[in-house]
Each structure stands twice: as structure tokens, then as C-alpha cells.
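The residues making up each chain are set out below.
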Amino acid sequence: EVLLRMHSVGICGSDVHYWQHGRIGDFVVKDPMVLGHEASGTVVKVGAGVTHLKPGDRVAIEPGVPREIDEYCKVGRYNLSPSIFFCATPPDDGNLCRFYKHSANFCYKLPDNVTFEEGALIEPLSVGIHACRRAGVTLGSKVFISGSGPIGLVNVIVAKMMGAALVVVTDLSASRLQKAKEVGADSILQVNKETPQEVASKVQSLLGCMPDITVECTGVEACVQAGIYATRSGGTLVLVGLGPDMITVPIVNAAVREVDIRGIFRYCNTWPMAIALLASKRINVKPLVTHRFPLEKALEAFETTKRGEGIKVMLKCDPKDQNP
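Each chain carries its own residue numbering, running from 1 in the direction its sequence is written. Thresholds applied to this predicted model are a pLDDT of at least 70 for local features of residues and 80 or more for the giving and counting of side-chain atom pairs; totals over whole chains, interfaces and linings are not thresholded and use all residues. The side-chain quantities take in all heavy atoms of the structure and omit both hydrogens and water.

Looking at an unreviewed UniProt entry, the protein chain carries the name Sorbitol dehydrogenase, with the source organism given as Crypturellus soui. Note on the protein chain: under the UniProt heading Sequence similarities (unreviewed entry), the record states "Belongs to the zinc-containing alcohol dehydrogenase family." The annotation that UniProt attaches to the protein chain under Subcellular location (unreviewed entry) is "Cell projection, Cilium, Flagellum". UniProt positions are given in the numbering used here, feature names are shortened, and annotations may be inferred rather than shown by experiment.

A.B. asks: Sorry, what's going on with the packing of aromatic side chains here?
C.D. replies: For any pair of aromatic rings, geometry is given as the distance between the ring centres together with the angle between the planes. In this analysis, rings of Phe, Tyr and Trp, with Trp reduced to its six-membered ring, are considered paired at centre separations within 6.5 Å, and the interplanar angle assigns stacked below 30 degrees, edge-to-face beyond 60, and tilted for intermediate values. Taken as a whole, this structure holds 5 aromatic pairs when the rule is applied. Centroid distance tyrosine 78 to phenylalanine 106: 5.9 Å. Interplanar angle 75°. Geometry classified as edge-to-face. Of this pair, tyrosine 78 sits in the loop between helix H2 (71–74) and strand E7 (85–86) while phenylalanine 106 sits in the loop between strand E8 (99–102) and strand E9 (107–109), and the two are 28 residues apart along the sequence. Residue burial is assigned from relative accessible area. The probe radius is 1.4 Å, only protein chains are included, and a residue is buried under 20% of its type maximum, exposed over 50%, and partly exposed in between. The buried category is assigned to tyrosine 78, whose relative accessible area is 10%. A connected cluster of aromatic rings, assembled from ring pairs, spans Phe86, Tyr108, Tyr267 and Trp271. Its end group placed over the ring of phenylalanine 86, arginine 266 keeps NZ or CZ at 3.6 Å from the ring centre. In DSSP terms, a helix is any run of H or I states spanning at least four residues, a strand is any run of E spanning at least two, and both are numbered starting from the N terminus. The criterion is that NZ of a Lys, or CZ of an Arg, lies within 6 Å of the ring centre and within 35 degrees of the ring normal, and then a charge sits over that ring.

A.B. asks: Quick question: what am I supposed to make of the packing of helix H3 (residues 116–135) against helix H4 (residues 150–161) here?
C.D. replies: Describing two packed helices takes the angle between their axes plus the distance from one axis to the other. Two elements in contact, H3 and H4, have axes whose closest approach is 8 Å; the angle formed by their N-to-C orientations is 55°. Judged by the angle between their axes, H3 and H4 are oblique. Seen from above, H3 lies across H4 with right-handed handedness. Along the contact surface, H3 presents Pro124, Leu125, Val127, Gly128, Ile129, Ala131 and Cys132, while H4 presents Ile151, Val154, Asn155, Val158 and Ala159. Gly falls in the polar group here, along with every residue not listed as nonpolar (Ala, Val, Leu, Ile, Met, Phe, Trp, Tyr, Cys, Pro) or charged (Asp, Glu, Lys, Arg). Residue composition of the contact of H3 with H4, by class: 10 nonpolar, 2 polar and no charged. For every element, the axis is a line fit to its C-alpha atoms; helices are fit only across the contacting stretch, and the angle between N-to-C directions ranges from 0 to 180 degrees. Any angle between 65 and 115 degrees counts as roughly perpendicular, while under 35 counts as roughly parallel, over 145 as roughly antiparallel, and the rest as oblique. In a left-handed crossing the near helix is turned counterclockwise from the far helix by less than a right angle, and in a right-handed crossing that turn is clockwise. In what follows, residue pairs with any heavy atoms lying within 4.5 Å of each other are defined as contacts.

A.B. asks: Looking at this model, I keep getting lost on the pairing of strand E5 (residues 58–61). Mind explaining?
C.D. replies: Across a regular strand the side chains alternate sides, sitting on one face of the sheet and then on the other. Of the two faces of E5, the one carrying Arg58 and Ala60 and the one carrying Val59 and Ile61 are both buried. Note on pairing: two strands pair once DSSP finds at least 2 bridges between them. Where strand E4 (residues 38–46) and E5 come together, 4 bridges link them in antiparallel fashion. Following the sheet pairing, serine 40 is matched in E5 by alanine 60. As paired elements, E5 and E9 share 3 bridges and run antiparallel to each other. Paired with alanine 60 across the two strands is tyrosine 108, which belongs to E9.

A.B. asks: Teacher, can you tell me more about the side chain of threonine 42 here?
C.D. replies: Summarising the element assignment, threonine 42 is placed in strand E4. The class of threonine 42 is buried, set by a relative accessible area of 16%. Once residues within four sequence positions are removed from consideration, threonine 42 is found in contact with Leu3, Leu4, Arg5, Gly56, Asp57, Arg58 and Phe116.

A.B. asks: Before we go on, may I ask you to explain the sheet that holds strand E15 (residues 260–263) in this structure?
C.D. replies: Strands pair in a sheet through their backbones, by hydrogen bonds, and they do so in one of two ways: parallel or antiparallel. As summarised here, the arrangement of the 6 strands in space is E12-E11-E10-E13-E14-E15, forming an open sheet in which the pairing is parallel. The outermost strands of the open sheet, each flanked by one partner alone, are strand E12 (187–190) and E15. Geometrically, the sheet is characterised by an average inter-axis angle of 15° between neighbouring strands, direction not taken into account. H3 contacts strand E13 (213–216), strand E14 (236–239) and E15 of the sheet and is inclined by roughly 150° relative to E14.

What follows is the structure, given as C-alpha cells:
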């Protein structure tokens, strides 16, 4: 293990959800819990067995650490391990604090030209990498991304990086759609009262065809329905956003058109790829950070996120270094 002096921690929708509702699905907060899982910091101490890190190294933290080498770890899908430790998922504490210890194998050294905030943003960026991999985004793909929050935006960035020819994004919010345009979306569509079929039809008009791939980042029933109607026959719909346990979807429409529906759970094997992309400046995630607060103003930061202001709110945990 390594002891870290925490620097930057992003606030995620799930953090806000635990704070407000005390549960997400089967994960229920029963005891006081530290939030925070999008994080970076500096190594202060290393355990006896740690050889690849030393005090002073700046690192990005992968929050999910398998507790045992089970069948899922053996096939490289350790995110599915039922006993995995995960920051800020009950009962495991997160890393929104001054000092934090973590498995050294899941701390990744940041190159000098990658900031702490970029390091913290690798966590949401990893959701985009994992979703686009599961979707099979490749050269020339036409992609529909439903939802323009932080996770929708990282999917835009990653899909374009992986070779998508056209990316269309839908959302209720005009300001969030502008941000999608800024990070690389080819077209945007503000939705309001349209039926799922109407949304699908508008997406098709914007792309000039039905998308090969739909990445659904809202979890809203109508949006999942629109995702099924929109995706071309033989295409893939990836469900990233999580909504209610049970929703009604046009499953026969998907079945008879051979639309593959895939889920994702967090990510695995993404940090090295993300660091390489950030270090080479092939992608830019800096525009995602819109607000910064010192750790002492955490409550204010959470209230800002809850109100849906900006995109990514970043908490600065080191009183001596509040820089990005």
C-alpha cells in the first residue's frame, strides 16, 4: 500500500446520490462513509513491498481494487468481482480527505505534463473508454450519445478519439449541449417533449442514417426507448446511465432487428491508456472542470453539483497547493 497526500477529488453524481438518498440500488449506506472516488494525489510513504512508486510521485487512483484473485480477475474483468473494494461504495470509504492509503498496484504514476486534475478526471474518462470499447466504436462509426453530463461528454471525447466519423448528442440542457460541441460532438439536439420515436427520427436526420452505436448515459426510461428505436439493425446499444430497477422497453423491436444491448459496470484496464492519451495531448479533458472548492467548502461544492451547475466540480484537498 501507499499513503497519499490527496490533491484533487472530483464530485460524481453517485456521491451526491449517496449523500441525498443513502443508497444506489443494492448498495446501502449503513454507517458514516467518506465520499470521493475521482482522485489524484502525491505519494508520502510506501509499504515494504512497493517498488514502482516512491515518495514524491504524483499518482492517479483507480478506485476499484479486487480483494481476491477470483475467476473475473483471471479473465481480466476484475470490475465484475463481487468482493471488489471500491472507494465510496458502501461499506468502503472514499478518498475525499487530506491523507488516504490505497493499494499501490492501483495507483498510476502521472507524467510531468499531466496535471492532478487531469489525473482525477481519468476516473470518469475510464467510463467512456470502457463504454466505447464495449460498444465497439471504430474507424467511421456513427454514434448517438444520449445525455450531455460529464459521462456523456467523456464518451464524446473517447468516441472521436477511437475513430467515430460522426457523433450526435442529445440533452435537455442547451448549455450542456454547447459543452458537447466544444469537446467534439458533430451535431447536438436539444430534446424536450418529443416521443422516443421522434427523438430517434431526429437523430437519424442529423446523422443522415441510423447510428451504428448508441451510448445511453441518462438511465431515463424514455431515453433508453429512444436508444433502441434509433440504433440501426445489427448495431449496439450500451447502457451506461442507471435509472430505476425496472423499466419498460421495446424489447421485441431490438430483438427482431438484432440490436445488441450491453451493460457496463464501471471499467477495467483503462488507466494506462488514459494516461497515454493525456500525456500525448491527443485528448483534452480540462474544459470539463468548471468549479473548484477547497476541502473546507465541501458542502458548498456538493450543493453546486446537486443544483446541476457547470460540469465537473473539483475539490482541492491540499491547503498548500490549490493549483489544477
